[in-house]
Structures are given as C-alpha cells and as structure tokens.
Amino acid sequence: MTADRSSPPEHSEQRAASDIVVAADSIAKTYDSRLPFTRSVEVLDGATLEVRRGEVVGIMGENGSGKSTLMQILAGALDADAGAVQRAGTVGWCPQEPRLYDRLTVDETFRLFGQAYGMDDDEVREARDWLTDVLDFEEFADRQVRHLSGGNRQKLNLSVALMHEPDLLLLDEPYTGFDWETFLAFWELTEQLRDRGVGVAIISHIINERDRFDVVYELHDGHLHRQEIGADDEPQSRPTEGQVDCERTTPFVDDDAGGGQRATGEGSR
Amino acid sequence: MNGRVRTLAAMGAREFARTPVLLALLVVLPVYVIGVFVLLVDDTAVPLTIDGSVVNAEMSAFAAAFMTPVTVAILAGIVGLFLMQSSQAADDRLRLAGYRAGELVTARFGLLVVGTLLVTAASLAVALTAVTPELLGWFVLATVLTGLTYGILGVVVGVVLDRLPGVYVMLFAPMVDVLMFQNPLATDPPTWTSALPGHYATELLFAATFTTSVDGTDAVAAGGYVLLLLVLGTGLLYRTTAVE
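Residues numbered from 1 in each chain as written. Chains lettered and ligands numbered in written order. Predicted model: local features only at pLDDT ≥ 70, side-chain atom pairs only at ≥ 80, totals over all residues. Heavy atoms only, no water.

Considering the sheet that holds strand E6 (residues 168-172) of chain A
Residues and elements named next belong to chain A. This is how it is decided: If DSSP finds at least two bridges between two strands, the strands pair. The secondary structure listing takes helices from DSSP runs of H or I that are at least 4 residues long and strands from runs of E that are at least 2 residues long, numbered from the N terminus. The axes are straight lines fitted to the C-alpha atoms, using for helices just the contacting stretch, and the angles between their N-to-C directions are given from 0 to 180°. By definition in these notes, contact holds between two residues if any of their heavy atoms fall within 4.5 Å.
Read from one edge to the other, the open sheet built from 6 strands follows the order E5-E6-E7-E3-E8-E9, with strand pairing classed as mixed. Edge positions in the sheet fall to strand E5 (91-94) and strand E9 (223-228), since each of these pairs with one other strand and no more. With direction set aside, neighbouring strand axes in the sheet form an average angle of 15°. As defined by bridge partners, strand E8 (residues 215-220) adjoins E9 across 6 bridges and the pair is classed as antiparallel. When the sheet's bridge partners are listed, valine 215 is paired in E9 with glutamate 228. Each of E5 and E6 is contacted by helix H5 (residues 150-162), which is oriented at about 165° to E5, the strand it contacts most.

Dropping the structure here:
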C-alpha cells in the first residue's frame with residue numbers, strides 16, 4: 001500500500017520530467033575580448049529555465065540583457081561557460097538575424113534546409129506549401145533572399161525553423177517586420193503548435209502579448225525570473241530553479257518604442 | 001560524395017554564379033594585371049635567377065609568367081575569403097539543422113577548388129598569349145598549387161578576420177610574398193623567404209616556364225604546403241561549425 005501511495009507522485013514526476021523539451025541549468029556566459037585594454041562583458045550568470053511540451057514561454061528583458069545569447073545557448077549555436085542544457089526531441093531555431101544564404105531563392109532555401117533536416121522531396125514540398133500559405137509569401141518562391149523585404153525574409157527565417165515540425169521551437173523576436181495580418185497568423189500558428197504539444201520559447205518585447213504566454217521569464221542582471229501568467233497578471237518575483245536571488249521587476253512603457261516594452265526596474269546591462 | 005554534400009556544393013555554386021561582381025573580377029583582373037603588364041614592358045631580355053642559375057628571358061614573357069601566380073594568388077585568396085564570409089553564419093544554422101561538419105567542410109573546399117580552377121583558367125588564358133612555357137603541364141600545376149595555397153589562406157583569414165581587413169590581407173599577402181620576395185630578378189633573396197607560402201610553387205613555375213627541367217622537391221614542397229594549410233583550414237572550419 002505504501003508503495004502504491006508513493007507511486008503516483010513518482011509517475012507524476014517522471015511524466016513531468018519527460019514533458020520537458022529543454023532545460024537550462026545555471027547557465028553562465030561572459031564575452032571575453034581578445035584585445036588588450038578592453039573589458040569582458042558578463043551576460044548570463046546562473047540562468048535557469050525549462051520549457052515543457054505544449055507550453056509557450058516568453059523571454060523578456062531590456063536590450064543587451066542577454067536574451068539572444070541565452071537563445072543561442074539553448075539552440076546549441078553557442079557554448080556556455082558553465083551550466084548545462086538538456087534537450088529532448090528535435091529543435092527549430094529562428095535567430096534574430098536571419099542566418100540564410102542571401103543568393104539562394106526561397107525554394108532553394110527550403111530544399112537545402114529540408115535536406116539538412118533529413119526530409120524527402122515530398123515532405124519539403126508539403127512544408128513549403130503549408131508555410132508559404134500560412135505566412136502568405138507564396139509569390140516569392142523564386143526570389144533570392146537578398147531581394148526579399150525585411151518582413152518576407154523574416155517569414156522565411158521562421159519557416160526554416162518550423163518546416164520539420166520540431167518538438168521545440170526557439171524564436172528570437174520572430175515577428176520583426178511582420179504586418180498585422182501576418183502577426184496574427186503567427187500567433188494562430190503558435191496556438192496550433194501548442195495544441196500539438198510543441199514547446200515554444202519566444203523572445204519578445206511586446207508587453208501586450210503577455211497573456212499569450214503560459215510562462216514568462218525576465219532576464220535581469222544575468223538571472224532569469226520566472227513568472228507564471230495568472231488571472232491577475234501580477235508579476236511574481238521569485239527565483240528560477242537555480243535559486244538565484246532576484247529583485248522585483250516592474251513594467252514600464254517606453255515612449256520612444258511606441259509603448260509595449262518592458263524592462264527591469266533597475267538599470268542593468 | 002553523398003547527396004547532401006552534392007546539394008550543398010550545388011547551392012554554393014549557384015551563389016557563386018549569382019555574384020556578378022566576383023565573376024567580373026575573375027575575368028577583368030587577369031586581363032588587367034597580366035595583359036597590361038605585358039603590354040607596358042619593353043621587349044628586351046632580362047636575366048632571371050632560377051634555381052641558382054641565370055637564364056635570359058624576354059621581358060614580356062617574364063611579365064606574363066611572373067604576374068600569373070600573383071593574379072591567381074590574389075583572386076583565389078579573395079574567393080576563399082568571400083566563400084567563408086558569405087556563408088559562415090548560415091553554415092552554423094545549417095549545421096544545427098543537421099548537416100555534419102565533414103559534409104560542410106567537404107562542400108566548401110570543393111567549391112574552393114572549383115573557384116581556384118576558374119581563376120587559374122582565366123589567368124592562363126591571358127598569360128599563354130604572351131609566354132610559351134617550356135613545360136606547360138608543370139606550369140599549370142604550379143599555378144593551381146599557388147591558387148590552392150592562397151585560396152585556403154583566404155578561408156583561414158575569413159575565419160579570423162572581418163571582411164575589410166581580410167580583403168586587405170589577401171591583397172597584400174600575395175604582393176609581398178610572390179611579387180616582392182619570389183621575384184627571379186632578385187639575385188640574392190633572404191633565406192627566410194623560402195618559408196613563405198608562395199615560394200615553392202613559384203620556383204616550380206619559373207623553372208617550368210624558362211628551363212627544360214624542374215626540381216621535383218619544389219612540387220612536393222608546394223603540395224605539402226597546400227596539405228598543411230588544408231589541415232589547418234579544415235580544423236578551423238570544424239571549429240567554427242561546431243555545435244552541441
């Protein structure tokens with residue numbers, strides 16, 4: 001009986017652990033300069049987070065706080081100085097700056113990355129048709145990336161991350177340059193992915209989007225502050241699982257940015 | 001070569017073909033550097049020091065032979081540099097998406113070889129109108145080896161330097177190495193100049209152009225230099241495309 005009583009929590013823990021698609025534990029990163037008389041910049045200091053299947057996680061923080069660095073480390077594009085990242089399943093990464101081949105066409109980009117993901121020709125064609133339809137850029141299939149507008153380039157950037165239907169999506173400001181219709185289409189797509197059990201982490205600056213996230217992490221002084229998005233939407237100040245000390249964060253509106261930005265209450269890097 | 005490498009190499013070739021400025025440079029620069037030099041020099045004989053012996057050659061033939069490795073080194077170096085600079089960030093992403101480092105390195109070096117052969121062909125087409133090498137096969141081989149040497153150096157420089165300083169380095173390095181220190185008009189070059197990348201390939205080239213025999217060790221040493229740089233470049237490429 002005792003064993004029976006103890007089983008459910010164990011199963012529950014195992015299930016919870018198996019639900020995690022990426023877990024970062026106590027990540028530290030400092031950018032050292034190779035040049036003399038220049039300073040090193042400490043960006044992350046014990047950042048800890050996790051993303052579960054079917055969870056949409058927002059990562060927020062002011063400019064230069066290290067969000068993109070964190071995202072690159074989560075994706076595996078950058079090594080952390082300390083800490084560990086564990087991923088389960090396939091990963092789709094949409095970097096802030098589209099890392100695409102400028103002189104390949106949209107079609108060729110799909111083919112090349114489809115090859116990288118191990119997709120066959122039919123799968124690539126299906127993914128291309130689906131994404132160019134949803135994001136509305138079918139007419140640019142034969143256009144070279146360098147001749148695309150910023151918004152269409154970003155659509156392709158996002159599509160390359162999505163085309164193999166990964167278990168984890170890491171999106172670094174994915175809707176930069178999107179028009180309103182595409183912005184809405186993006187969130188509709190994200191909802192579909194959530195329903196399919198895809199874990200999604202999104203770097204965002206837009207405070208009005210907070211309701212769309214299940215969890216928001218704020219990056220401040222190299223630490224992450226986890227906030228469950230609840231009914232009252234009050235920012236909760238509590239340390240991430242690495243038990244780092246944190247300070248309470250406060251929302252504010254940046255007039256220059258036209259509103260919608262959020263940053264920490266104290267100055268930080 | 002597997003299908004993934006073929007696809008990547010083919011896409012790289014398309015990018016190359018869609019860079020009209022670079023393609024124009026490959027055609028115009030040999031005509032300009034080799035052709036104009038040949039036209040400008042007097043038609044007199046000059047004494048050249050080749051493998052310790054003095055050989056007299058027509059100035060125009062010397063100009064054509066001499067400017068060929070200089071041109072090929074500059075152009076191949078720039079091809080290597082641009083190959084690296086234009087694809088590095090996207091290669092990282094492609095690597096994360098599933099391409100293996102070996103596949104990327106193979107495709108990139110394959111493209112570099114094609115670029116070097118193009119540069120060599122364009123330069124030879126101009127040079128051979130003004131000079132008839134005694135040993136054409138060795139002359140072509142020496143030119144290709146010079147191109148490969150500087151092409152791989154261009155890749156290495158592309159990994160460690162940004163585009164602008166990289167272009168400066170890849171313009172000045174062949175000038176200093178081949179144009180100044182491997183010049184057969186110089187009778188007593190410093191010993192250390194034999195350690196420069198272009199030394200053995202240009203020794204081979206001048207012997208093949210103006211004498212009836214070549215020293216095989218020059219070919220082996222030039223090939224060895226290419227292999228050494230290939231190992232260095234491959235190591236650097238593996239490192240830059242390393243992902244978890």
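Moving on from the model shown.
Considering the environment of A:Asn63
Residue placement: A:Asn63 occurs in the loop between strand E3 (56-60) and helix H2 (67-75). In the structure, A:Asn63 is positioned 142 residues away from A:His205 in sequence and 9.2 Å away in space, judged by C-alpha atoms.

Considering the interface of chain B and chain A
Operational definition: Buried area: the sum, over both parts, of the accessible surface (1.4 Å probe) that disappears when the two are put together. Salt bridge, as used here: a side-chain nitrogen of Lys or Arg that lies within 4 Å of a carboxyl oxygen of Asp or Glu. Each polar contact in these results corresponds to two N or O atoms within 3.5 Å; when the atoms are within protein, one needs to be able to donate a hydrogen and the other to accept it, and residues that are neighboring in sequence are counted only if both atoms are side-chain atoms. Asp, Glu, Lys and Arg are counted as charged, while Ala, Val, Leu, Ile, Met, Phe, Trp, Tyr, Cys and Pro are counted as nonpolar; the rest, among them Gly, fall into the polar class.
Facing 25 residues of chain B, the contacting portion of chain A comprises 30 residues. Across the chain B to chain A interface the summed buried area is about 2,300 Å²; carbon plus sulfur atoms make up 53%. Our count for the contact surface shared by chain B and chain A stands at 3 salt bridges. A:Glu108 is paired through a salt bridge with B:Arg18; the nearest N and O atoms lie 2.7 Å apart. The interface formed by chain B and chain A includes 12 residue pairs in polar contact (both at pLDDT 80 or more). Counting residues per element, the ones that place at least two in the side of chain B that touches chain A are helix H1 (3-17) and helix H3 (59-97) of chain B. Ranked by residues supplied to the side of chain B that touches chain A, first place goes to H3(B) with 9 residues. By residue class, the composition of the side of chain B that touches chain A is 11 nonpolar, 5 polar and 9 charged.

Looking at the confidence of the model for chain A
Residue and element names in this part refer to chain A. As a reminder, the rule being used: Every residue carries a pLDDT, the predictor's confidence in it, which falls somewhere between 0 and 100.
With 78% of its residues at a pLDDT of at least 70, chain A reaches an overall mean of 80. Mean pLDDT across the secondary structure elements of chain A bottoms out at helix H1 (residues 2-19), with 49, and peaks at helix H3 (residues 106-117), with 96. Of the regions scoring below 50 in pLDDT, residues 1-11 engages in 0 contacts with residues more than four places distant in sequence or in other chains. Throughout residues 243-269 the model reports pLDDT below 50, and contacts reaching past four residues in sequence, or to other chains, amount to 69 contacts.

Things to note about helix H6 (residues 180-195) of chain A
Residues and elements named next belong to chain A. We count it as follows: Multiplying 1.5 Å by the residue count of a helix minus one yields the expected span of that helix. For every residue, the accessible area obtained with a 1.4 Å probe (protein chains only) is divided by the maximum for its type, and the residue is called buried under 20%, exposed over 50%, and partly exposed between those limits.
Between its terminal C-alpha atoms H6 stretches 23 Å, which fits the 22 Å expected from 16 residues at 1.5 Å a residue. Buried residues of H6: Thr182, Phe183, Ala185, Phe186, Trp187, Leu189, Thr190, Leu193 and Arg194, and no others. Packed against the buried residues of H6 are E3, helix H4 (121-134), H5, E6 and strand E7 (199-203). Of the residues that open H6, the one with a side-chain oxygen 3.3 Å from the backbone nitrogen of glutamate 181 is aspartate 179. Taken from the residues just after H6, glycine 197 is the one with a positive phi, measuring 95°.

Here we look at a nonpolar patch on the surface
Short version of the rule: A patch consists of residues exposed above 30% relative accessible area that lack any salt bridge, with like charges linked at up to 9 Å and nonpolar side chains (Val, Leu, Ile, Met, Phe, Trp, Tyr) linked at up to 5 Å. A 1.4 Å probe and the Shrake-Rupley method give the accessible areas. Residues count as covered only by the protein chains that appear here.
Together, B:Val27, B:Val28, B:Val31, B:Tyr32, B:Val36 and B:Leu40 make up a nonpolar patch on the protein surface, roughly 590 Å² of accessible area in all. Note on placement: B:Val36 falls in helix H2 (residues 20-40).

Quick notes on the packing of H2(B) against H3(B)
Residue and element names in this part refer to chain B. Spelled out, the test is: Oblique is the label for every angle not falling under 35 degrees (roughly parallel), over 145 degrees (roughly antiparallel), or within 65 to 115 degrees (roughly perpendicular). Left-handed describes a crossing whose near helix is turned anticlockwise from the far helix by less than a right angle; the clockwise case is right-handed.
Following both chains from N to C, one finds H2 and H3 inclined at 160°, their axes separated by 8 Å at the closest point. Compared by their axis directions, H2 and H3 come out roughly antiparallel. Two packed elements cross with a definite hand, and for H2 against H3 that hand is right-handed. On H3, the residues that touch Leu22, Leu25, Leu26, Leu29, Pro30, Val33, Ile34, Phe37 and Val38 of H2 are Ser60, Ala63, Ala64, Met67, Thr68, Thr71, Ile74, Leu75, Ile78 and Val79. For the contact of H2 with H3, the residue count by class is 16 nonpolar, 3 polar and no charged.

Some points on the layout of surface pockets
We count it as follows: Buriedness for pockets is judged along seven lines, at least five of which must meet protein on both sides within 12 Å for an open set on the 1 Å grid over protein atoms alone, while cavities are sets there where a 1.4 Å probe fits but cannot get out, and lining residues have an atom within 4 Å of a point. Grid points are joined across faces, edges and corners, and a volume is the space filled by probe spheres set on the points.
Of the voids in this model, the second largest pocket is the one considered here, and its volume is about 680 Å³. Lining the second largest pocket are 29 residues, with A:Arg103, B:Gln85, B:Ser86, B:Ser87 and B:Arg163 positioned closest to its centre. Sorting the residues of the lining of the second largest pocket by element identifies H1, H2, H3 and helix H4 (101-127) of chain B as the ones contributing at least two each. Examining the composition of the lining of the second largest pocket, we find that 10 residues originate from one element, H3(B), more than from any other. Of the residues in the lining of the second largest pocket, the class split is 14 nonpolar, 6 polar and 9 charged.

Describing the environment of B:Asn2
Residue and element names in this part refer to chain B. Structurally, the position occupied by asparagine 2 is in the segment before H1. Sequence separation between asparagine 2 and glutamate 103 is 101 residues, and the spatial gap between their C-alpha atoms is 8.6 Å. From its side chain, asparagine 2 meets the backbone nitrogen of valine 5 in a polar contact 2.7 Å long.

Looking at the pattern of salt bridges
The tally for this structure, following the rule as stated, stands at 14 salt bridges over all chains. Note that A:Asp81 is salt-bridged to A:Lys29, the shortest N-O span being 3.8 Å. Here A:Lys29 lies in strand E1 (residues 20-31) and A:Asp81 lies in the loop between H2 and strand E4 (82-87), a separation of 52 residues in the sequence. You can call A:Asp81 partly exposed: its relative accessible area is 48%. Between B:Arg14 and A:Glu108 there is a salt bridge whose closest N-O contact spans 2.6 Å.

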